[in-house]
Amino acid sequence: MSEATMKPNPVDVHVGQRLRQRRVLVGLSQEKLARMVGITFQQVQKYERGANRIVASRLYELARVLDVPVSYFFDDLSAKAANDIANQNVGPHEATQDSAAHDVMAERETLELVRAYYSIDDEKVRRRAFDLLRSLSKSASGE
């Protein structure tokens, strides 16, 4: 099988998604993260897509820069693996991508919202913002 037709390993895709999720959450661009670990931003893009596997030493460095334990990148992996098995009628790459497409926590908007929320220093203001969002969501759903 040629390299061009090979599909990314579901574990590499998961690790890449977790990398992207954390990078966006801490507010780093691909370029800035790449500079911090001494690689190109294109390499970060490939990691985040799962197209390139992250070697252990690089994963350790990324975890250090992003201030998470290495295990962070593997969190929820067993749930994803179970989902991939349940979707056996499609290839592992498609199943992983399909589950990621429906994971609201992997969306950029969600990550930016969480980052903005926690950047509010005043706890009372933060709580009022939370209450406002909750009431808006209830209004929109007709509750």
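Everything that follows concerns the structure shown earlier in this document.
Owing to the predicted nature of the structure, the values given are computational and were not obtained by experimental measurement. (Residues numbered from 1 in each chain as written. Predicted model: local features only at pLDDT ≥ 70, side-chain atom pairs only at ≥ 80, totals over all residues. Heavy atoms only, no water.)

Asker: In this structure, what is going on with helix 8 (residues 123–141)? I would like to understand it.
Answerer: In this model, helix 8 (19 residues) spans 27 Å end to end at C-alpha, consistent with the 27 Å of a helix rising 1.5 Å per residue. Residue Asp122 occupies the N-cap position of helix 8, its side-chain oxygen lying 2.9 Å from the main-chain nitrogen of Lys124. Among the residues trailing helix 8, Gly142 stands out with phi positive, at a value near 80°. (Helix = DSSP H or I, 4+ residues; strand = E, 2+ residues; numbered from the N terminus. Expected span 1.5 Å × (residues − 1). Polar contact = N/O pair within 3.5 Å; in protein donor to acceptor, adjacent residues only side chain to side chain.)

Asker: How should I be thinking about the nonpolar core in this particular structure?
Answerer: One broad trend across soluble globular proteins is that nonpolar side chains are buried collectively. In this structure, Leu19, Leu33, Ile54, Leu62, Leu66 and Phe73 are the most contacted members of the largest nonpolar core, which totals 18 residues. Secondary-structure elements contributing two or more residues to this core are helix 1 (10–26), helix 2 (30–37), helix 3 (41–49) and helix 4 (56–66). Here this core takes five residues from helix 4, the largest share from any one element. Residues contacting Leu19, with those up to four places away along its chain left out, are Leu33, Tyr47, Glu48, Ile54, Leu62, Leu66 and Phe73. (Core = buried A, V, L, I, M, F, W, Y, C linked by side-chain atoms within 4.5 Å. Buried < 20%, exposed > 50% of the residue type's maximum accessible area, 1.4 Å probe, protein only. Contact = heavy atoms within 4.5 Å.)

Asker: I'm lost on helix 1 in this one. Help?
Answerer: Taking 1.5 Å of rise per residue, the 17 residues of helix 1 would be expected to cover 24 Å, and the 24 Å separating its terminal C-alpha atoms lies within 8% of that figure. Of all 17 residues in helix 1, 12 are buried; the element is thus mostly enclosed. Asp12, Val13, His14, Val15, Gly16, Gln17, Arg18, Leu19, Gln21, Arg22, Arg23 and Val24 are the residues of helix 1 that are buried. Taking the backbone nitrogen of Val11 as reference, a side-chain oxygen 2.7 Å away marks Asn9 as the first, capping residue of helix 1. Residue Gly27 follows helix 1 closely and has a positive phi angle near 80°.

Asker: What's the story with the packing of helix 1 against helix 3 in this structure? I'm lost.
Answerer: Between two packed helices, the angle of one axis relative to the other and the distance separating the axes together describe the packing. Their axes nearest at 6 Å, the elements helix 1 and helix 3 cross at an angle of 120°. By the angle class used here, helix 1 and helix 3 are oblique. Across from Asp12, Val13, Gly16, Gln17, Leu19, Arg20 and Arg23 in helix 1, the residues of helix 3 making contact are Tyr47, Glu48 and Arg49. (Axes fitted to C-alpha atoms, helices over the stretch in contact; angles between N-to-C directions. Parallel < 35°, antiparallel > 145°, perpendicular 65-115°, else oblique.)

Asker: Sorry, what's going on with the pattern of salt bridges here?
Answerer: Here the idea is simple: oppositely charged side chains can pair when their charged atoms come close. Summed over all chains, the structure comprises five salt bridges. With a shortest N-O distance of 3.5 Å, Arg18 and Asp75 are connected by a salt bridge. In this pair, Arg18 sits in helix 1 while Asp75 sits in the loop between helix 4 and helix 5 (77–86), placing the two residues 57 residues apart along the sequence. By relative accessible area, which is 12% here, Arg18 ends up buried. When the shortest N-O distance is used, the salt bridge between Glu61 and Arg64 registers 2.5 Å. With Glu61 and Arg64 both in helix 4 and three residues apart, this pair spans about one turn of that helix. (Salt bridge = Lys/Arg side-chain N within 4 Å of Asp/Glu carboxyl O.)

Asker: Looking at this structure, I do not really get unusual backbone geometry. What am I missing?
Answerer: Leaving glycine aside, a negative phi is the common case for residues, and trans is the common case for peptide bonds. Positive phi, close to 55°, is recorded for Asp67, a residue that is not glycine. Mapped onto the elements, Asp67 comes out in the loop between helix 4 and helix 5. The class of Asp67 is exposed, set by a relative accessible area of 64%. One non-glycine residue, Asp76, lies in positive phi territory at about 65°. For Asp76, the location among the structural elements is in the loop between helix 4 and helix 5. Here Asp76 falls in the exposed class, since its relative accessible area comes to 55%.

Asker: Got a minute to help me understand a nonpolar patch on the surface in this structure?
Answerer: Together, Val11, Tyr60, Val70 and Phe74 give the surface a local cluster of nonpolar side chains, amounting to about 340 Å² of exposed area. By the element assignment, Tyr60 lies in helix 4. A residue is classified by how much of its surface remains accessible, and Tyr60, at 54% relative accessible area, is exposed. (Patch = residues over 30% accessible without salt bridge, like charges linked within 9 Å, V, L, I, M, F, W, Y side chains within 5 Å. Areas by Shrake-Rupley, 256 points an atom, 1.4 Å probe, with all protein chains shown as cover.)

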